[in-house]
Amino acid sequence: MKQFLLLLQSAPRRVKQLVLLLADASALPVLLMLAWSLRLDTVLLPSADNAFVFITATWLGLLCLVGAGVYRTVVRAFDEHFLRSLMLAIIVYSVTLFSVATIAPQFNLPRSTALVSGFFLFIWVWATRSIIRATLMRMLGLNLHKKSLLIYGAGSAGRQFVAAALRAPDFRPIAFLDDSQELIGTTINGLPVFAGARAAELVKRFNAKDIIIALPSASRARRKQILDLLEPLPVHVRALPGIDQLMRGEIRFSDAQEVDIADLLGRDPVPPVAELLLRDIQQKSVLVTGAGGSIGSELCRQILGVRPKRLVLIEQSEFALYQINNELRQRFPYIEILPILGSVMDGNRMLRLLKRHNIDTVYHAAAYKHVPLVEANPFEGVRNNAIGTYRTALAAMQAGVAKFVLISTDKAVRPTNIMGASKRLAELSLQALNLQPDCKTCFTMVRFGNVLGSSGSVVPLFRRQLAAGGPITVTHPDVTRYFMTIPEASQLVIQAGAMSNCGDVFVLDMGESVKIIDLARKMIRLSGMSERTADNPSGDIEIAYTGLRPGEKLYEELLIGDGNIEGTCHGRIMKAFEAYKTLAEMEAIFAEIERLAEVRDTMGLKKLLLWHVEGYKPDMRDEVLMPMAEPAANNVVPMRS
């Protein structure tokens, strides 16, 4: 028998279908005979008188099964789709046979027999496929190497995922976890439903190695509660993405992804204020610099979602521009999109572009943001981030652009690195331009921390290190960072810019700061692995401390001073009031930076920044520093209506 099954298992698909069809063809007359005998309360055998009825019923049954696609389903993976196909075949078979028996008395078949034989046919097909499947699984050992799988969520998504998991070669779903009292204790798709609180007990009982969170519509706060429950367990936790990402239809096994780190933060984004999203964008010409970057590209997606007149993309990386342009044209073919390869350092070209395309709103995301790289290339960082911003902003003012929004960073607050200091100079240059009496452009700055999933984020790095078997590298055990998702940050940037009264510095509410070491440990545990330590030398992944990189801080801040902040009409956006400089001072600073760049005087650059960027604390090694000038504490940027 085992040899026959092995032979059948390796046979071509057409041969398997033919075997099943012949088995059903042999069973159909027997099933009709049983139904007919039941109706007459006596044994009725096929004879010359009723041969036509048996032959007709057999061919009809086979045609219905073939037409409904019953033979197209793989026996080892039959599911609710197979059930629907089988039900369709049975209904057509029974109704057709019943109709013939009704309108053709010479057919000599009791009408109830037509219905009962359909019921028998359903039992036959379902039972034979179940027996074949179970036999294959047991005799051929198809389940021996499958990992036990628990599904958290017994709703529609969970049920669809179980159907997909049954077809997966490496996993075996064994039970549902759910928090609904109506579902706990029931059986769904052949799997028992247990309370979510019993996760630890069930993982141990079933030796489960994986848990899938199938709650695509759950809030972030709810998902965080579940992750906190599952994190201590020795299982690999994955999740189905949000419901908007599953709108394409049928859920597949491959939809299960690594846990979104945003779920660990547990903070649901505040729904955007529609009027603020539309104010500076709808039916207007918009330009985004750095359009191929993490924030720039998401800004483009959000902007196109509210239908601007046109969108101009400025990017100096050819590949990044190619990628974002292709993506946006496919998603938004009805909006004019203009990709421009160029640098914000070319002020004259920026002026021509702004005038030619009659730009109303600029979102300036172009910047070098990687702290160690900018620290190693200080003049490139300062010139691009500060002088490039100034030249682009000056071009915007000369072109009569209505709104200019700078994407700033929390690293601009009391910076310890060149990147942060360069972004603070960029802020100061916009504030200086805003004070010019002939300025008709509303300049504003939006300051926030790290975004999850960006090109320089720790999360993609940790995932790569986990996949490689470690170690996970953390600079310092006490380092903390603020985090926000890229879509939420982009929406808040647009809304903050829309509520600006010119010269404003907006600060986004980043929530609670996160210790990077805690984030690393959570990712290890949720991957089903353990940390390798002196107390646990047999652990899977080691965490290695590499030391703070040049210019890196233990923690970031969002405000330069205390008590200089107020709320806005948006719960996640605050307004800061900070010291400023005049345009003459800024132009003198930039001229000196250009002079220092010519001779590559890095120490001179750091001393210049020390004088003019409040709170700047550079890594000067053993050099003797000039005392830092007293900041103009009373120079607070006024509001310009």
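Residues numbered from 1 in each chain as written. Predicted model: local features only at pLDDT ≥ 70, side-chain atom pairs only at ≥ 80, totals over all residues. Heavy atoms only, no water.

Section: the overall build of the protein chain
Stated precisely, the cut-off is as follows: Helix and strand definitions follow DSSP, with helices as H or I runs of at least four residues and strands as E runs of at least two, each counted in order from the N terminus. Whether a residue is buried, partly exposed or exposed follows from its accessible area with a 1.4 Å probe, protein chains only, as a fraction of its type maximum: under 20%, in between, or over 50%, in that order. We get accessible surface area from the Shrake-Rupley algorithm with a probe of 1.4 Å; when it comes to residues, only the shown protein chains can shield them.
From N to C terminus, the protein chain includes 21 helices and 23 strands. Taking all 641 residues of the protein chain together, the buried fraction comes to 51%. As presented, the protein chain carries roughly 29,400 Å² of accessible surface, and 57% of it is formed by carbon and sulfur atoms.

Some points on a nonpolar patch on the surface
Note the following rule: Patch membership requires more than 30% relative accessible area and the absence of a salt bridge. Residues of like charge join within 9 Å; the nonpolar side chains Val, Leu, Ile, Met, Phe, Trp and Tyr join within 5 Å. Whenever a carboxyl oxygen of Asp or Glu lies within 4 Å of a side-chain nitrogen of Lys or Arg, that contact is scored as a salt bridge.
A cluster of nonpolar side chains, namely Leu83, Met87, Ile91, Val95 and Trp126, defines an oily patch on the protein surface of about 410 Å² accessible area. The leading source of residues in the nonpolar patch is helix H4 (residues 80–103), at four residues. Mapping Val95 onto the fold places it in helix H4.

Quick word on the packing of aromatic side chains
Ring pairs (aromatic) are described by centroid distance and by the angle formed between their planes. Our working definition: Pairing of aromatic rings covers Phe, Tyr and the six-membered ring of Trp, with a centre-to-centre limit of 6.5 Å; geometry is then stacked below 30 degrees between planes, edge-to-face above 60, and tilted otherwise.
Inspection of every chain in the model, using the stated rule, returns six aromatic pairs. Consider the rings of Phe194 and Phe206, whose centres lie 6.4 Å apart with planes at 55 degrees: the pair is tilted. Of the two residues, Phe194 sits in strand S4 (residues 191–195) while Phe206 sits in helix H7 (residues 199–206), which places them twelve residues apart along the sequence. We classify Phe206 as partly exposed; its relative accessible area is 26%. The interplanar angle of 75 degrees and the centroid separation of 6.4 Å between the aromatic rings of Phe332 and Tyr334 together place this pair among those described as edge-to-face. The buried category is assigned to Phe332, whose relative accessible area is 8%.

What about the side chain of His357?
Put simply, the test is: Note on definitions: a residue-residue contact is assigned when non-hydrogen atoms from the two residues lie within 4.5 Å.
Tracing the chain through its elements places His357 in the loop between helix H13 (347–356) and strand S11 (361–364). Not counting residues up to four positions away in its chain, the partners in contact with His357 are Ser285, Arg310, Val312 and Leu338.

Quick look at the pairing of strand S13 (residues 442–448)
Rules: At least two bridges found by DSSP between two strands are what make those strands a pair. Place the viewer so that the strands point away; then a crossover is right-handed whenever the path from the first strand over the helix to the second strand goes clockwise.
The buried count for S13 comes to seven of seven residues, which makes it a mostly enclosed element. The alternating pattern of S13 places Cys442, Thr444, Val446 and Phe448 and Phe443, Met445 and Arg447 on opposite faces, both of which are buried. In this structure, strand S12 (residues 403–409) lies alongside S13, joined through seven bridges in parallel fashion. Paired with Ile407 across the bridge in S13 is Val446. Read from S12 through helix H16 (residues 418–434) to S13, the crossover connection turns out right-handed. Two elements, S13 and strand S18 (residues 504–508), share four bridges in a ladder whose sense is parallel. When the bridges of S18 are listed, Met445 appears paired with Val505.

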